[in-house]
Amino acid sequence: MSTFESNSDGVAQRVNSPRFSGPMTRRAHSFKRNNTTSTSAVSGGTLSTHNEVELQINSPRSEEVSEVVLERKHSGGHHYNHVSQRVHGGVVKGFLKRPLESIGVDLGFRERKKIGHWMFLVFCGVCLFMGVVKICATGWLGSAIDKAQSDQELSDSNGIDNLNAMDQRSVGYAYRSREGDVERTLKMVETGVRSQADKESDVWSKPNSENFTQCIDLSKNHKKLDAKTNGYILVNANGGLNQMRFGICDMVAVARIMKATLVLPSLDHTSYWADQSGFKDLFDWKHFIDTLKDDIHIVETLPQAYTGIQPFSKTPISWSKVHYYKTEVLPLLKQHKVIYFTHTDSRLANNGIPRSIQKLRCRVNYRALRYSAPVEEFGNKLVSRMQQNGNPYLALHLRYEKDMLAFTGCSHNLTAEEGEELRRMRYEVGHWKEKEINGTERRLLGGCPLTPRETSLLLRALDFPSHTRIYLVAGEAYGEGSMKYLEDDFPNIFSHSSLSSEEELNHFKNHQNMLAGIDYVVALQSDVFLYTYDGNMAKAVQGHRRFENFKKTINPDKMNFVKLVDQLDEGNISWKKFSSKVKKLHKDSIGAPYLREPGEFPKLEESFYANPLPGCICETRKEQIPDLAS
């Protein structure tokens, strides 16, 4: 729901990655088994065999079978002809020429034994056939077929698999309307690999986070707050809901650094949503003041004695550290007594900040900034509705909205007319600095939100079942029919609108930030959170979920994933191979603990609010984690 400013994290950093150069295919010859004509004089007779077997090189069993064919061709062919000739030629002809008594004796010693062997083999064959029938009936055959396919995958062949073995719904738009008997059979076989319960257990399981704990409480030697103040800070929290949330956290920290009094923040009413909600509408303001009473002084409004003073306007330098506020801003505050910060977003660095200040930022974000009662209560009501009959649910932040697509220049799968509409919108918004954007190149670099179809492919490849309950944490998806593929594959998709009556939503009408707060509550409590673009909402929710014992959060590797999608659509990779690669690509992208990564430039660093480790989360067994402070 949150919008963005020109300095928000918009596009993935351009990296030295292999550029997309179109489809790459490999042509391979089929193996042919040709047993040339062989003749043997068997009592004047001739035995001739002509066999030709053509195998598709990319079928799941091709390598395995071809090796057997070659082995037999080089080592077993003569033996086969010799046995065949001796049994069919020597035995039969001998029976016709020899006396009956001789035949009886011979059968009793040699041929009877041979015939017994043949009968035993026939018996085994019948048993094997009955066993196969039983296995097919019980669904166990899938494990054998899957094993053969897995062996083929391990060879890392990039060839084209047999089309009948593909999941044709995933190849491209042309296949979505025809699902044949072979495809349905293979889907049934594939489900036999593991029980459905095991698969679902895997997709909902949370990452291992033992030995980590929250550590944001005031220290035992915390000094009592001095009643003296160096002045008052007025702030206008700019941007959408989560951008404003981060800015408020930073401004509390800045007030602490400068020993200033913070006036209850005002909220931005000029962003894309033009929401008129105030701080008291969106947040529990009394709880906010009370929670932070030992950290800073907060007042509702500027005291009467200072109302006649013209505030000094100041735009703090982005990603600044403590030294900047103490040496450059504090003297201005002492001089003018009232200072007005025009912007609050990204005004404090991610790293190099004292631990006490980092802890304070987290106390603000995860304890003080509680949503107002109407937002919290309605959000919890929707959580209960999503957890129908105790079922888990996934919160999907599908940032495929018009403003985001216009801002990023992404128009993949949209019509030319829709792409032009997005371009016009980008030029009309003055503070969006980038105007001419190559959307195709940006997508291949991972800088675009996933489309609804790409999102559906991702969920299916990760084994989320079609009956998964999904809560949509986003506004309306842009593009005619863009949601069709996702809705077809996952019909149980809900939002605050579909889960609510018109009467329930009346209270929040024209208050997009309050609705975004409701979505935040539902996303925070979901069993799995998946975001398709790394914007402020994604950062806020994933950071909060890390703080709340590392709830499972899927962070898509968009750059590599969209390349796999293109290979799938071009027919250069099977669904089975695609799913396997997607799982490997995201096995470590589920929100497990790791240290926040500092960067060469503050703007390129990982957000403190997306990963408050270190600073607000501590490891209990090992040596204390460093602060990344300078």
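## As for the confidence of the model for the protein chain
When the pLDDT values of the protein chain are averaged, the result is 78; 69% of them are 70 or greater. Low pLDDT, under 50, characterises residues 184–189; the stretch is placed with 9 contacts to residues that sit more than four places away or in other chains.

## Thoughts on the pattern of salt bridges
If you walk through the whole model with that rule in mind, you get 21 salt bridges. Residue R443 is joined to D566 by a salt bridge in which the shortest nitrogen-to-oxygen separation is 3.2 Å. Remark: D566 occurs in helix 20 (residues 558–569) and R443 occurs in helix 14 (residues 439–444); sequence separation between them is 123 residues. Residue class for R443 comes out buried when judged on its relative accessible area of 8%.

## Examining the nonpolar core
Counting residues in each nonpolar core, the largest one holds 83 residues, and the members touching the most others are I233, M258, F279, F288, F341 and Y471. In terms of residues, this core owes the most to one element, helix 6 (residues 241–257), which gives 11 residues. Look past the residues within four positions of I233 in its chain and what remains in contact with it is A255, M258, A260, T261, L262, V263, I339 and F341. Counting residues in hydrophobic clusters, the runner-up holds 47 residues, among them L414, V429, Y478 and I554.

## A short note on the side chain of R453
Position of R453 relative to the elements: it lies in helix 15 (residues 452–461). At a separation of 2.7 Å, a polar atom in the side chain of R453 contacts the side chain of D569.

## As for the packing of aromatic side chains
Taken as a whole and assessed by the stated rule, the structure comprises 16 aromatic pairs. Following the ring pairs from residue to residue traces out a cluster consisting of F279, F283, F288, Y371 and Y520. Between K280 and the ring centre of W285, over which it is positioned, the NZ or CZ distance is 4.2 Å. The ring of W575 is capped by R460, whose NZ or CZ atom sits 4.6 Å from the centre of that ring.

Calculation notes
Sequence order as written defines residue numbering, which begins from 1 separately in each chain. For a predicted model such as this one, the threshold for reporting local features is a pLDDT of at least 70, and the threshold for listing and counting side-chain atom pairs is 80 or more; totals across whole chains, interfaces and linings nevertheless cover every residue. To obtain the side-chain values, all non-hydrogen atoms of the structure were included, while hydrogens and water were left out. Within a predicted model, pLDDT stands for the predictor's per-residue confidence, ranging from 0 to 100. The contact criterion used is simple: two residues touch if any of their non-hydrogen atoms lie within 4.5 Å. When a carboxyl oxygen of Asp or Glu is within 4 Å of a side-chain nitrogen of Lys or Arg, the pair counts as a salt bridge. A run of H or I in DSSP becomes a helix once it reaches four residues, and a run of E becomes a strand once it reaches two; helices and strands are each numbered from the N terminus. Each residue is assigned to one of three classes by its accessible area relative to the maximum for its type, calculated with a 1.4 Å probe on protein chains only: buried under 20%, partly exposed between the two thresholds, exposed over 50%. We define the nonpolar core as a collection of buried residues of types Ala, Val, Leu, Ile, Met, Phe, Trp, Tyr and Cys that are connected through side-chain atoms lying within 4.5 Å of one another. In protein, a polar contact means a hydrogen-donor-capable atom and an acceptor-capable atom, both N or O and within 3.5 Å, with residues adjacent in sequence counting only if both atoms are side-chain atoms; elsewhere, any N or O pair within 3.5 Å suffices. Whether two aromatic rings pair depends on their centres lying within 6.5 Å, for rings of Phe, Tyr and Trp, where Trp uses its six-membered ring; planes under 30 degrees apart make the pair stacked, over 60 edge-to-face, and the rest tilted. For a lysine, the NZ atom is tested; for an arginine, the CZ atom; a charge sits over a ring if that atom is within 6 Å of the ring centre and within 35 degrees of the ring normal.

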